[in-house]
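Structure at a glance
In case you want the letters, here they are:
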Amino acid sequence: MNEITIPLNTRLPHSYPFLLIDRVVEFEAGKRVVCVKNVSCNEDVLQSYHPENSIFPSVYIIEAMAQSSGLLMAGEKAEGGFLTMIRDAKFHRTVQPGDRLMITSSLFHKMSPLYVFEAKATVNDHLAAEAEITLALAETP
Amino acid sequence: MQDTLDTLRTLFITKLKLKISPEEIKEETPIFGAEGLDLDSIDILELIVGIKKEFGVEIADRKIAEKVFITIGSIVQYIESNR
């Protein structure tokens, strides 16, 4: 796998503890991105979300999909992108500490300022979640 | 033409969760305004994505969308001439 380095902090406005991407492994500008999120038992959220049986929250998977999708909007003249719509979200299995979440997002339709992405998250090549994610560009004042 | 209209009616009701029957969506029904379906820009984007998936017809930019999303009939006409 050709892993590439993209400085996430210059492309996304998010930071610890809410930057939910560890690495970008494939990137085709404006078309498709594949990112990795390594889920650790040290995640802040796992201390309070089902602490007796650690499960990475599904909404965090959606957020990781949105952040991955946001990378494809980087370069647009804007103040960032905001999650506008989530459709057809399905969670096929739980994600737990030790899992390596691979998030793939592809741009399906663009009508600026709205961008529609088809996203999926897999663990060991098994589908964990999928959703249609819509982001809106925040216009530069 | 009728097939396209019927599919579009289903698309409107399922995608936008409209609380009306398919028969209430007529060719002359306006897309915007209280006298019509009163849709907003997010609704239109959902329909554009639905039309692309269902009919393989792309509405690529805002100017085209403004011409297409006037009435149900104008959408049917666009789909019929671009599929």
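Procedures and definitions
Residues numbered from 1 in each chain as written. Chains lettered and ligands numbered in written order. Predicted model: local features only at pLDDT ≥ 70, side-chain atom pairs only at ≥ 80, totals over all residues. Helix = DSSP H or I, 4+ residues; strand = E, 2+ residues; numbered from the N terminus. Buried ≥ 20, exposed ≤ 12 C-beta atoms within 10 Å, placed from the backbone. Contact = placed C-beta atoms within 7 Å. Core = buried A, V, L, I, M, F, W, Y, C linked by C-beta atoms within 7 Å. Nonpolar A, V, L, I, M, F, W, Y, C, P; charged D, E, K, R; others polar. pLDDT = per-residue confidence, 0-100. Pairing = 2+ DSSP bridges. Axes fitted to C-alpha atoms, helices over the stretch in contact; angles between N-to-C directions. Parallel < 35°, antiparallel > 145°, perpendicular 65-115°, else oblique. Left-handed = near helix turned anticlockwise from the far one by under 90°.

1. Describing the overall build of chain A
- A count of helical and extended segments in chain A gives 2 helices and 6 strands.
- Mapped from its N terminus to its C terminus, chain A presents α and β elements in the order α-β-β-α-β-β-β-β.
- In chain A, which comprises 141 residues, the share counted as buried stands at 30%.
- Of the contacts made within chain A by residues no fewer than 6 positions apart, 63% connect residues no fewer than 24 positions apart.

2. A closer look at the nonpolar core
- A:Ile61, A:Ala64, A:Met65, A:Leu101, A:Ala121 and B:Ile75 are the most contacted members of the largest nonpolar core, which totals 51 residues.
- Not counting the four nearest positions on each side in its chain, A:Leu101 is found in contact with A:Lys37, A:Val39, A:Ala64, A:Val95, A:Ala121, A:Val123 and A:Ala128.

3. Structural notes on the interface of chain A and chain B
- Contacts between the two partners involve 8 residues from chain A and, on the opposite side, 8 residues from chain B.
- Put simply, the parts of the chain that give the side of chain A that touches chain B at least two residues each are β3 (78–91), β4 (100–111) and β5 (114–123) of chain A.
- The biggest single contributor to the side of chain A that touches chain B is β4(A), with 3 residues.
- Classifying every residue of the side of chain A that touches chain B by side-chain character gives 5 nonpolar, 3 polar and no charged.

4. Points about the environment of B:Leu47
Residues and elements named next belong to chain B.
- You can see leucine 47 is positioned in helix α2 (residues 41–55).
- When the C-alpha positions of leucine 47 and leucine 11 are compared, they lie 7.5 Å apart, and in sequence the two are 36 residues distant.
- Residues within four places of leucine 47 in sequence aside, it is in contact with Leu11 and Lys15.

5. Quick notes on the environment of B:Glu54
All names here are of chain B.
- In this fold, glutamate 54 is placed in helix α2.
- Sequence separation between glutamate 54 and leucine 8 is 46 residues, and the spatial gap between their C-alpha atoms is 9.0 Å.
- Glutamate 54 has contacts with Thr7 and Leu11, leaving out every residue within four places of it along the chain.

6. Side note on the confidence of the model for chain B
All names here are of chain B.
- Here chain B averages 93 in pLDDT, and 100% of its residues register 70 or above.
- Across chain B, the secondary-structure element scoring lowest on mean pLDDT is helix α1 (residues 2–16), at 92, and the one scoring highest is helix α4 (residues 72–82), at 96.
- Quick note on the complex model: pTM equals 0.85, ipTM equals 0.74.

7. Things to note about unusual backbone geometry
- For the peptide bond that leads from A:Tyr16 to A:Pro17, omega is 5°, which places it in the cis range.
- Relative to the elements of secondary structure, A:Pro17 occurs in the loop between α1 (8–11) and β1 (23–28).
- A positive phi angle is found at A:Asp88, which is not glycine, with a value near 50°.
- Within the secondary structure, A:Asp88 is located in strand β3.
- Given 9 C-beta atoms within 10 Å, A:Asp88 falls into the exposed group.
- Backbone geometry at B:Lys17 places phi at a positive 50°, although glycine is not the residue there.
- Note on placement: B:Lys17 falls in the loop between α1 and α2.

8. Side note on the pairing of β5(A)
Residues and elements named next belong to chain A.
- Of all 10 residues in β5, 7 are buried; the element is thus mostly enclosed.
- In this sheet, β5 lies alongside β4 in antiparallel orientation, the contact comprising 10 bridges. Bridge assignment links histidine 109 to a residue of β5, and that residue is valine 116.
- Looking at chain direction, β5 and strand β6 (residues 126–139) are connected through 10 bridges and run antiparallel.

9. Focus on the packing of α1(B) against α2(B)
Residues and elements named next belong to chain B.
- For the pair α1 and α2, interaxial distance at closest approach is 10 Å and the crossing angle is 130°. Taken together, the axes of α1 and α2 lie oblique to each other. Relative to α2, α1 is oriented so that their crossing is right-handed. The segment α1 lies against α2, with Thr7, Leu11, Lys15 and Leu16 engaging Asp43, Glu46, Leu47, Gly50 and Glu54.

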